Amino acid sequence: MENLNDKKFFNVIISGYGGQGVLTLAEILANAAQLADYDVKQAELHGLAQRGGSLECHLRFGKKIISPLIRQADADIIIGLELLETLRACYYANKNKTIILTNNKYFNPDPCAKDNGESEKIKKEIEKFSCVLHSIPADKILKENNLSLSLINTFMLGFLVKENALPIKKELIWRAISEKIKPEFLDKNEKVFNLAQQ
């Protein structure tokens, strides 16, 4: 998918916790959409994001966008940087059209609690809302490659490029990353961006 063709707009929800790079990912994607000559609107809904709380970004682009907010069941893509936050964002999913990409890491609010299958239960719930679900172990892949978990946002974007799920060319997405990320961190972001496309 490299242009919107007959569609008038494209709706993206990005969800996660504060500190995971949700805002950075939204900004990069918004800039890439602008580079592709789309009209772009973006909004963030956050409360305690600076203290690790939930964070949700709405991003809409197309020929002419009036409102930045996405209606219930109207997302084309949901990008979740954490499993439970992805499930919360499913309010915006539509079984007939929404692609959901989630990092399959579940952050239990009780750090001492054992995983009693909550991750699998959450994934099964998310499946009910999506026509296509990509649940990927982004945390694990980054750890195995000795890369920082703070690069999950770049990994998710690279994965969407591989799946050709965005109506924006790869070159424009990489240009938006290059313009946003500080030069000293660009090499690692490029490595992660390419790793996600393998």
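Quick caveat, the model's predicted, so the values are computed rather than measured.

Rules of the game
Every chain is numbered independently, its residues counted from 1 as its sequence is written. Local features in a predicted model are, by the rule used here, given only for residues with pLDDT of at least 70; side-chain atom pairs are given and counted only at 80 or more, and totals for whole chains, interfaces and linings are based on all residues. Computation of side-chain values: all heavy atoms of the structure, hydrogens and water removed. Burial classification: accessible surface area is computed with a 1.4 Å probe over protein chains only, and a residue below 20% of its type maximum counts as buried, one above 50% as exposed, and the rest as partly exposed. Segments assigned H or I by DSSP are reported as helices when at least four residues long, segments assigned E as strands when at least two residues long, and all are numbered from the N terminus. Strands pair, by our definition, only if DSSP identifies at least two bridges between them. Seen with its strands pointing away from the viewer, a crossover is right-handed when the path leading from the first strand over the helix to the second is clockwise. Charged residues are defined narrowly, with Lys and Arg counted positive, Asp and Glu counted negative, and His plus the chain ends left uncounted. By convention in these notes, a salt bridge is any Lys or Arg side-chain nitrogen within 4 Å of a carboxyl oxygen on Asp or Glu. What qualifies as a polar contact is a pair of N or O atoms within 3.5 Å, subject to a donor-acceptor requirement within protein and to the restriction that residues adjacent in sequence count only when both atoms come from side chains. Residue contacts are defined here by distance: any two heavy atoms, one from each residue, within 4.5 Å place the two residues in contact.

Every α-helix winds through 3.6 residues per turn, so residues three or four apart in the chain are directed the same way. A large share of helix H5 (residues 152-162) lies buried, amounting to 10 of its 11 residues. Buried within H5 are the following residues: Ile152, Asn153, Thr154, Phe155, Met156, Leu157, Gly158, Phe159, Leu160 and Val161.

With that out of the way, let us pick up the pairing of strand E3 (residues 54-62). With respect to burial, E3 is a largely interior element, eight of its nine residues being buried. Sheet analysis places strand E1 (residues 9-17) next to E3, joined by nine bridges and oriented antiparallel. Each residue of the ladder has a partner; that of Ile14, found in E3, is Cys57.

Another aspect to go through is the pairing of strand E6 (residues 132-136). In this sheet, E6 lies alongside strand E5 (residues 99-103) in parallel orientation, the contact comprising five bridges. Each bridged residue has a counterpart across the sheet, and for Leu101 the counterpart in E6 is His134. Traced from E5 through helix H3 (residues 118-127) to E6, the parallel crossover comes out right-handed.

What follows deals with the side chain of Glu56. Along the chain, Glu56 falls in strand E3. Here Glu56 occupies a buried position and makes no salt bridge, while the nearest side chain of opposite charge, Arg88, is found at 8.6 Å. A distance of 3.0 Å separates the side chain of Glu56 from the side chain of His58, its partner in a polar contact. When residues no more than four places from it in sequence are discounted, the contact partners of Glu56 are Ile13, Ile14, Ser15, Ala43, Glu44, Leu45 and Tyr92.

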